[in-house]
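Now for the letters of each chain:
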Amino acid sequence: MSIKLITALTAMSPIAVQAQSQFNLTQGVTDISQRVYDLHMTIFYICCVIGVIVFGAMFWSMIRHRKSKGRKPATFHESVKVEIAWTVVPFLILIGMAIPATSTLIAMEDSSEADVTILVTGSQWKWHYKYFENDVEFFSLLATQRQQIENKLEKGENYLLEVDRPLVIPTDRKVRFLITSDDVIHSWWVPDFAVKKDANPGFINESWTQVNEPGIYRGQCAELCGKDHGFMPVVVIAKEPAEYDAWIAEQEAAQRQAKEEEQRLLAMSMDMDELMDLGEQVYLGNCAACHQGNGEGVPGVFPALKGSPMALNDMEAHIDIVVNGKSGTSMQAFGNQLSLRELAAVITYERNAWGNDTGETVQASDVNEFMNQ
Amino acid sequence: MSTVVGEMDQHDDHHHHAPSGLTRWLFTTNHKDIGSMYLWFSFIMFLVGGSMAMVIRAELFQPGLQLVDPHFFNQMTTVHGLIMVFGAVMPAFTGLANWMIPMMIGAPDMALPRMNNWSFWILPFAFAILLASLFMEGGGPAFGWTFYAPLSTTYSSDSTALFVFSVHIMGISSIMGAINVIVTIMNMRAPGMTYMKMPLFVWSWFITAFLLIAVMPVLAGAVTMVLTDKYFGTSFFDAAGGGDPVMFQHIFWFFGHPEVYIMILPSFGIVSAIIPAFARKPLFGYASMVYATAAIAGLSFLVWAHHMFTTGMPVFAELFFMYCTMLISVPTGVKVFNWVATMWRGSITFETPMLFALAFVILFTIGGFSGLMLAITPVDFQYHDTYFVVAHFHYVLVSGAIFSIMAAAYYWLPKWTGHMYDEGLAKLHFWASLISVNVLFFPMHFAGLAGMPRRIPDYSLQFADINQIVSIGGFAFGLSQLIFLWVVIKCVKGGEKAPAKPWEGADGLEWTVPSPAPYHTFDTPPKGFDKPPEVK
Amino acid sequence: MSAQQGKPDNTRIIRRLLLTVIGMFAFGFALVPLYDVFCDITGFNGRFTDGQAAANTKAVDTSRTVNVQFITRVNQGMPWGFEPEVRSVRIHPGETKVVNFLANNPTGSDMVAQAIPSVAPGEASLYLNKVECFCFNQQPLAAGTKTAMPMQFYLDPEIPDHIHTVTLSYTMYDMTENATPDALAAFVQPAN
């Protein structure tokens, strides 16, 4: 009853309404996020009331009980009754808070069967989504241009909250997220769903949501995960179920096609200029965050590629580390993140840029051969 | 350090017992000298850690990357946290303990004076190592002061070894300090001063020291495991070898939660001394204050996992940690109510120590409210790792712990230096700090609720206005602390002569000795205690 | 400034406090096995000691089915292919099932790997019993070869009704550097 009253008060208070997006927790677009918001406001108002009483008493005595007003101090210094009262009353208030908190928490742990299962994998510094029931998977990277971050271009409306490929989920269906990580701990957070769950390497966590309204919802990684922790946003598009079904079928077909296309293109070789152009794009999108745009890396953390013996001599080792990554370091396996052409191009680029003038080209077929030797 | 030593030297020269020169400070076993060194050291660290905060706030002044790269930004947040926790707040309390506990219980010195010298002098080395690691190839620690594995193990730079070594030294220093406090309090109280007649500052430190003994070794264990995971092939926190990164968080927060109470319990003691002094009225509920402090300390061992609700725990565990955490607000509330009842119908004056103590009560309570909100698991999923958390712990640590340290400094400066501080300047310091600290931390609540994660060097545009205000508050708060430095130096160098008891309503043994306190006090123990000083 | 009364007492208190310090340091390390025990009992974090279970002796509960999903992952720097033969199976609690996992080593060198399991929801790990599993041991795989690795399991019929879906994830880690003699022996025999 009290909760309803307070919620009603919130709705009426113009400040609260106006404040919603900018200064307060979002109400979100799921039943759970709404309950979380209501709980938040309830506890907040209880704290405000206690605050007004306690600080009120304090300011009263600060104003009235001053020496400059000629007050003589009282001498009382204990009262068992009063002490018991202000131990018991807060305890009762706490019980009042714990009841809605417990029921919300239990509602969050609903383990009824889900309609869609999505495996969410964090890695430095991107998210990977894999639809469990369909052959669809992709990486989702920050889409904000480097120049905007470096203040060389005007910042867009969704600065740092935009990705190249957002996650798509259906509305009105229960979506279950299985969350894990490839390297350090990340945390997948979408405020509008009230879902925040850590991605722990080697372990899977689960969470779920059921979105009521179609729309685009944005969040961020919430656990410090290294250098570009601030640059791995989450973007989720919720579509009507029919639209979602069409989308997923389309994606499934497109991903199958892309694989076939790739095999067909193996025979085609690219010339140095093509490889270098594509390679530079891929490098800036995937490698420059650590190895830096100039290939010099960050001493002691991310090795330099410029002048590196591997990039100058050992081509097989070079392909290996790009395709498979290096365990126990931040170097990821790009074999399943990039197409064969992109892999070939970026390796060629690394072997010929910044004065690494080996003159060697690597073709998609070379990478393919390495991967299936 | 050397200029500081010089100044202290001049002023102390007229105590004929004290040896002079650099060796006095190197080899001193005098609790007052060691207390002064701790306090100066912590103030220097406060400025060092504060300048790192200024770097952070300057970078966050506007969206986009302007001043530092993200890797260095992470080093700043990490080292700022470590320095403020282990270098500023904890040594400041140890300094106050050194100066005041022997004088408050009528003892001639700390029980273990030579160990006291050691526990101070290893600290500068610990922080020199930590700060030096910033200049290593690959930079200093960049994984947050909580150093979660595997970011701090497999994925960290080689400065981690230095970080581990320096945390070990800080831990040893704290443990030695805590042992000294416990032995001093147990064995060196003046005859007749039973436990329930001790000043509350002594009580709160007594309990804090036990917390230190209990959890600093656990921290030592955690950093040791990080070290062996990184360099010696163990896999405590690596799933590949049968470990678990979440276990690191359990071990860390088993230390970490009592640690945050280590940084606030002595504040309770300070405020419990100051409020009755300036309200000229006995402290309300002395015994319940003692029990509440002990209850808070005890509960602190049962709530660690409230820092990890999002790691994926079973519901029963989440409920258990939520209930225990909420329960802490009961004894904490009792303390706040007692302070308000102490002021009620008193005869209040508002000298600077009182102003800081009153600000402490209000702002710490605000931090307590946000703490209660954070305890509620379902809502914590939204608050966790956002600026709401940053706002919360800065309210309890800056406007809580640090304000209480400022209050203590102003309260006891006349006793330490023999001069009254400049009340006008001190009030300026107070009002500047009070206003700027709220401009600095209050808007952070809104940034966090609106969804700004912590530990990010750049943010989306909707947070731009809030961050600009916060940064301005930050610079203002930083500059305000230079006024404090000025006040202290001025007070050390001279000023109005302070009487033995400069505060009309103050009570306790420290006010029975002249100001400045002679080099040796209570060579013969005082007698005649019927009540704790706060209740007289 | 001699420490006054109770000097002899000091050593006793100091000794006790130092013992506490040492004890708490040891306790920090004792948390490691304690955590494992705690996880085994509660299914905390979907983590459990992966041991061989006895075959099911309880009656199969044919009144309901549970959806068991399989997820396979390889660690960074691990070049193996690793996939379940089926994505998911629907089984009755108590019913024993064999699922094959396919692994291939595309590299030119012999390798040894270890699969590390994790279960969601964590509670379900208490009821998932593996009679036979490739994850009990390190798995050797010679250069350029493939293998099918079986896992035989059942769900304890006492699995709570509210669990409808169990996800079992395996992450494959390269253990060539830390291979056990047993695993390495696989590479020696064909040569003889």
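Cut-offs applied
Each chain has its residues counted from 1, running along the sequence as written. Chain letters start at A and ligand numbers start at 1, both assigned in the order the entries are written. In keeping with the model being predicted, local features are shown solely for residues with a pLDDT of at least 70 and side-chain atom pairs are shown and tallied solely at 80 or more, while totals for entire chains, interfaces and linings include all residues. Here the side-chain values reflect all heavy atoms present in the structure, with hydrogen atoms and water set aside. UniProt positions are given in the numbering used here, feature names are shortened, and annotations may be inferred rather than shown by experiment. Runs of H or I in DSSP of at least four residues are treated as helices and runs of E of at least two as strands, each being numbered from the N terminus. Computation of the radius of gyration draws on C-alpha atoms alone. For the globule rule, the value is 2.2 Å times the number of residues to the power 0.38. Exposure categories follow from relative accessible area, calculated using a 1.4 Å probe and restricted to protein chains: below 20% of the type maximum is buried, above 50% is exposed, and the middle band is partly exposed. By definition, residues are in contact when any of their heavy atoms lie within 4.5 Å. By definition, two strands form a pair when at least two bridges between them are found by DSSP. Axis definition: a line fitted to C-alpha atoms, over the contacting stretch in the case of helices. Angles run 0 to 180 degrees between N-to-C directions. An automatic or database domain assignment provides the domain bounds reported here. When two components associate, each loses some accessible surface as probed by a 1.4 Å sphere; the sum of these losses over both components is called the buried area. For this document, the term salt bridge refers to a Lys or Arg side-chain nitrogen within 4 Å of an Asp or Glu carboxyl oxygen. Any pair of nitrogen or oxygen atoms within 3.5 Å is treated as a polar contact; in protein, a donor-acceptor pairing is required on top of that, and neighbouring residues in sequence qualify only through side-chain atoms on both sides. Each residue receives one of three labels: charged for Asp, Glu, Lys and Arg, nonpolar for Ala, Val, Leu, Ile, Met, Phe, Trp, Tyr, Cys and Pro, and polar for the others, Gly being one of them. Angle categories are assigned with fixed cut-offs, so that under 35 degrees is roughly parallel, over 145 is roughly antiparallel, 65 to 115 is roughly perpendicular, and the rest are oblique. The handedness criterion is simple: a crossing whose near helix is rotated anticlockwise from the far helix by less than a right angle is left-handed, and one whose near helix is rotated clockwise is right-handed. Residues belong to one nonpolar core when they are buried, are Ala, Val, Leu, Ile, Met, Phe, Trp, Tyr or Cys, and are joined through side-chain atoms within 4.5 Å. Note on definitions: the grid is 1 Å and covers protein atoms alone; a cavity is a set of points where a 1.4 Å probe fits but cannot get out; a pocket is an open set with protein on both sides within 12 Å along at least five of seven lines; lining residues have an atom within 4 Å of a point. Grid points are joined across faces, edges and corners, and a volume is the space filled by probe spheres set on the points. Confidence scores labelled pLDDT are given residue by residue by the predictor and lie between 0 and 100. Only centres within 6.5 Å qualify two rings of Phe, Tyr or Trp (six-membered ring in Trp) as a pair; their planes then separate them into stacked at under 30 degrees, edge-to-face at over 60, and tilted for everything else. We call a charge positioned above a ring when the Lys NZ or Arg CZ atom is no farther than 6 Å from the ring centre and deviates by at most 35 degrees from the ring normal. For the purposes of this analysis, a disulfide is any pair of cysteine sulfur atoms at a distance within 2.5 Å.

- If you look chain B up in an unreviewed UniProt entry, it shows as Cytochrome c oxidase subunit 1 from Pseudidiomarina halophila.
- If you open the UniProt record of chain B and go to Catalytic activity (unreviewed entry), you find "4 Fe(II)-[cytochrome c] + O2 + 8 H(+)(in) = 4 Fe(III)-[cytochrome c] + 2 H2O + 4 H(+)(out)".
- Listed in UniProt under the heading Sequence similarities (unreviewed entry), the comment for chain B reads: "Belongs to the heme-copper respiratory oxidase family."

**Let's talk about the overall build of chain A**
Next, step 1: Looking only at helices and strands, one finds twelve helices and ten strands in chain A.
Next, step 2: Its C-alpha atoms give chain A a radius of gyration of 28 Å, clearly above 21 Å, the size a compact globule of 373 residues would have.
Next, step 3: Counting only C-alpha atoms, chain A reaches 95 × 55 × 40 Å along its principal axes.
Next, step 4: A total of 373 residues make up chain A; the buried ones form 50% of that total.
Next, step 5: Across chain A, contacts joining residues at least 24 apart in sequence account for 63% of those joining residues at least 6 apart.

**Let's talk about the sheet that holds strand S8 (residues 146-155) of chain C**
Residue and element names in this part refer to chain C.
Next, step 1: Strand order in the open sheet made by the four strands is S2-S4-S8-S6, with antiparallel pairing throughout. Taken across any chain shown, the strands that pair with only one partner, and hence form the sheet edges, are strand S2 (81-84) and strand S6 (128-133). Geometrically, the sheet is characterised by an average inter-axis angle of 25 degrees between neighbouring strands, direction not taken into account.
Next, step 2: In terms of strand pairing, strand S4 (residues 97-104) meets S8 through eight bridges, oriented antiparallel. Residue valine 98 lies in a different strand from S8, and its bridge partner there is glutamine 152.

**A short note on the sheet that holds strand S1 (residues 116-123) of chain A**
Residue and element names in this part refer to chain A.
Next, step 1: Across the sheet, which stays open at both edges, the five strands sit in the order S3-S2-S1-S5-S8 with mixed pairing between neighbours. With one partner strand each, in any of the chains shown, strand S3 (136-140) and strand S8 (205-209) form the two edges of the open sheet. The mean angle between the axes of side-by-side strands here comes to 20 degrees, regardless of whether they run parallel or antiparallel.
Next, step 2: As paired strands, S1 and strand S2 (residues 126-131) are joined by six bridges and run antiparallel to one another. Within S2, the position partnered with isoleucine 118 by the bridge is tyrosine 131.
Next, step 3: The sheet strands contacting helix H6 (residues 241-265) are S1, S2 and S3, and the helix crosses S3 at an angle near 90 degrees.

**Focus: the domain arrangement of chain A**
Interfaces are often sized by the amount of accessible area the parts lose when they come together.
All names here are of chain A.
Next, step 1: The domain boundaries assigned to chain A delineate domain 1 (2-108), domain 2 (116-262) and domain 3 (266-371).
Next, step 2: Domain 1 and domain 2 are separated by 37 Å when their C-alpha centres are compared.
Next, step 3: The interface of domain 1 with domain 2 comprises ten residues on the first partner and eleven residues on the second.
Next, step 4: Summed over both partners, the interface of domain 1 with domain 2 buries about 780 Å², with 56% contributed by carbon and sulfur atoms.
Next, step 5: Our count for the contact surface shared by domain 1 and domain 2 stands at zero salt bridges.

**Some remarks on the interface of chain B and chain A**
Next, step 1: At the junction of the two partners, chain B supplies 94 residues and chain A supplies 94 residues.
Next, step 2: Counting the surface chain B buries against chain A, the share from its top three residues, Tyr155, Phe284 and Gln382 of chain B, is 9%.
Next, step 3: Where chain B packs against chain A, one counts one salt bridge.
Next, step 4: Across the chain B-chain A interface, the total number found is 24 residue pairs in polar contact (both at pLDDT 80 or more).
Next, step 5: Mapped by element, the contributors of at least two residues to the side of chain B that touches chain A are helix H4 (70-105), helix H8 (245-262), helix H11 (315-343), helix H12 (352-375), helix H13 (377-383) and helix H15 (423-449) of chain B.
Next, step 6: Sort the elements by how many residues they give to the side of chain B that touches chain A and H11 of chain B lands first, with 16 residues.
Next, step 7: Of the residues belonging to the side of chain B that touches chain A, the class tally is 55 nonpolar, 28 polar and eleven charged.

**Digging into the packing of helix H9 (residues 265-279) of chain B against H11 of chain B**
Each pair of packed helices can be described by the angle between their axes along with the distance between the axes.
All names here are of chain B.
Next, step 1: Between H9 and H11, the least distance of the axes is 9 Å, while the angle of their chain directions is 15 degrees. Comparing the axis directions of H9 and H11 gives the class roughly parallel. Both H9 and H11 take part in a crossing whose hand is left-handed. Along its contact with H9, which presents Phe268, Val271, Ser272, Ile275, Pro276 and Ala279, the element H11 presents Lys335, Trp339, Thr342 and Met343.
Next, step 2: Of the residues belonging to the contact of H9 with H11, the class tally is seven nonpolar, two polar and one charged.

**A word on the interface of chain B and chain C**
Next, step 1: Contacts between the two partners involve 47 residues from chain B and, on the opposite side, 30 residues from chain C.
Next, step 2: Between chain B and chain C, a total of about 3100 Å² is buried, with carbon and sulfur atoms accounting for 72% of that surface.
Next, step 3: Ranking the residues of chain B by area buried against chain C places Asn187, Ala240 and Met247 of chain B at the top, with a combined share of 17%.
Next, step 4: Applying the counting rule to chain B against chain C returns zero salt bridges.
Next, step 5: Remark: the boundary between chain B and chain C carries two residue pairs in polar contact (both at pLDDT 80 or more).
Next, step 6: The set of elements that each furnish at least two residues to the side of chain B that touches chain C consists of helix H6 (160-187), helix H7 (200-231), H8 and H11 of chain B.
Next, step 7: Among the elements that line the side of chain B that touches chain C, the one with the most residues is H7 of chain B, at nine residues.

**A few points about the UniProt feature "domain: Cytochrome oxidase subunit I profile" (unreviewed entry) in chain B**
Next, step 1: The UniProt record marks residues 25-536 of chain B with the feature "domain: Cytochrome oxidase subunit I profile" (unreviewed entry), using the residue numbering of this structure.
Next, step 2: In this annotation, residues 25-536 of chain B is assigned 67% helix and 0% strand; the end-to-end C-alpha distance for the span is 37 Å.

**A word on the nonpolar core**
Next, step 1: Counting residues in hydrophobic clusters, the biggest one holds 292 residues, and the most contacted among them are Trp188 of chain A together with Phe86 of chain B.
Next, step 2: In terms of residue count, helix H14 (residues 387-417) of chain B provides more of this core than any other element does, 22 residues in total.
Next, step 3: Core analysis: the next-biggest nonpolar cluster, separate from the first, contains 32 residues, Ala124, Tyr127, Met149 and Phe153 of chain C among them.

**Considerations on empty space enclosed by the protein**
Residue and element names in this part refer to chain B.
Next, step 1: Scanning the model with the defined rule gives six cavities of 30 Å³ or more in all.
Next, step 2: The calculated volume of the second largest cavity comes to roughly 150 Å³.
Next, step 3: Lining the second largest cavity are 16 residues, with Met90, Pro91, Thr94, Ser174 and Leu212 positioned closest to its centre.
Next, step 4: Where the lining of the second largest cavity is concerned, the elements lending two or more residues are H4, H6 and H7.

**Looking at the confidence of the model for chain A**
Next, step 1: Residues of chain A with pLDDT of at least 70 account for 94%, and the chain-wide mean is 88.
Next, step 2: Residue range residues 1-20 of chain A is modelled with pLDDT below 50. Its contacts to residues more than four positions away, or to other chains, number 17 contacts.

**Quick notes on the environment of proline 499 of chain B**
Next, step 1: Along the chain, the position of proline 499 of chain B falls in the segment after helix H16 (464-493).
Next, step 2: Along the primary structure proline 499 of chain B and methionine 420 of chain B are separated by 79 residues, whereas in three dimensions their C-alpha atoms are 8.9 Å apart.

**As for the side chain of threonine 107 of chain C**
Next, step 1: Relative to the helices and strands, threonine 107 of chain C is located in the loop between S4 and strand S5 (111-120).
Next, step 2: Side-chain polar atoms of threonine 107 of chain C contact the side chain of asparagine 105 of chain C, separated by 2.7 Å.

**Topic: the packing of aromatic side chains**
Next, step 1: Tallied over the full model, the rule gives 78 aromatic pairs over all chains.
Next, step 2: On the basis of an interplanar angle of 85 degrees and a centroid distance of 6.5 Å, the ring pair of phenylalanine 138 of chain A and tryptophan 247 of chain A is categorised as edge-to-face. Of the two residues, phenylalanine 138 of chain A sits in strand S3 while tryptophan 247 of chain A sits in helix H6, which places them 109 residues apart along the sequence. Both residues of the pair, phenylalanine 138 of chain A and tryptophan 247 of chain A, belong to the buried class.
Next, step 3: One cation-aromatic arrangement involves lysine 174 of chain A over tryptophan 208 of chain A; the distance from NZ or CZ to the ring centre is 4.6 Å.
Next, step 4: Stacked on the ring of tyrosine 231 of chain B, the Lys or Arg lysine 230 of chain B has its end atom at 5.5 Å from the ring centre.

**Examining the pattern of salt bridges**
If charged atoms from side chains of opposite charge come close, those side chains can pair.
Next, step 1: All chains considered together, the criterion is met by 21 salt bridges over all chains.
Next, step 2: Here arginine 73 of chain C ties to aspartate 182 of chain A by a salt bridge, and the two come within 2.4 Å at their closest N and O atoms. Separated into two different chains, arginine 73 of chain C in strand S1 (residues 66-74) and aspartate 182 of chain A in the loop between strand S5 (175-181) and strand S6 (186-190) make up a pair that spans both.
Next, step 3: The partner of aspartate 61 of chain C in a salt bridge is arginine 64 of chain C, and the shortest N-O contact between them spans 3.0 Å.

**Here we look at the state of the cysteines**
A covalent bond between the sulfur atoms of two cysteines is referred to as a disulfide.
Next, step 1: Within this structure, the stated rule accounts for one disulfide over all chains.
Next, step 2: Here cysteine 133 of chain C pairs with cysteine 135 of chain C through a disulfide, and the sulfurs are 2.2 Å apart. Because the sign of the S-S torsion sets the handedness, a value of about 125 degrees for the bond joining cysteine 133 of chain C and cysteine 135 of chain C places this disulfide among the right-handed ones.
Next, step 3: Distance from the sulfur of cysteine 47 of chain A, which forms no disulfide, to the nearest cysteine sulfur (cysteine 48 of chain A) is 7.1 Å.
Next, step 4: For cysteine 47 of chain A, a relative accessible area of 4% translates into the label buried.
Next, step 5: Cysteine cysteine 324 of chain B remains unbridged, with the sulfur of cysteine 47 of chain A as its closest cysteine sulfur at 19 Å.

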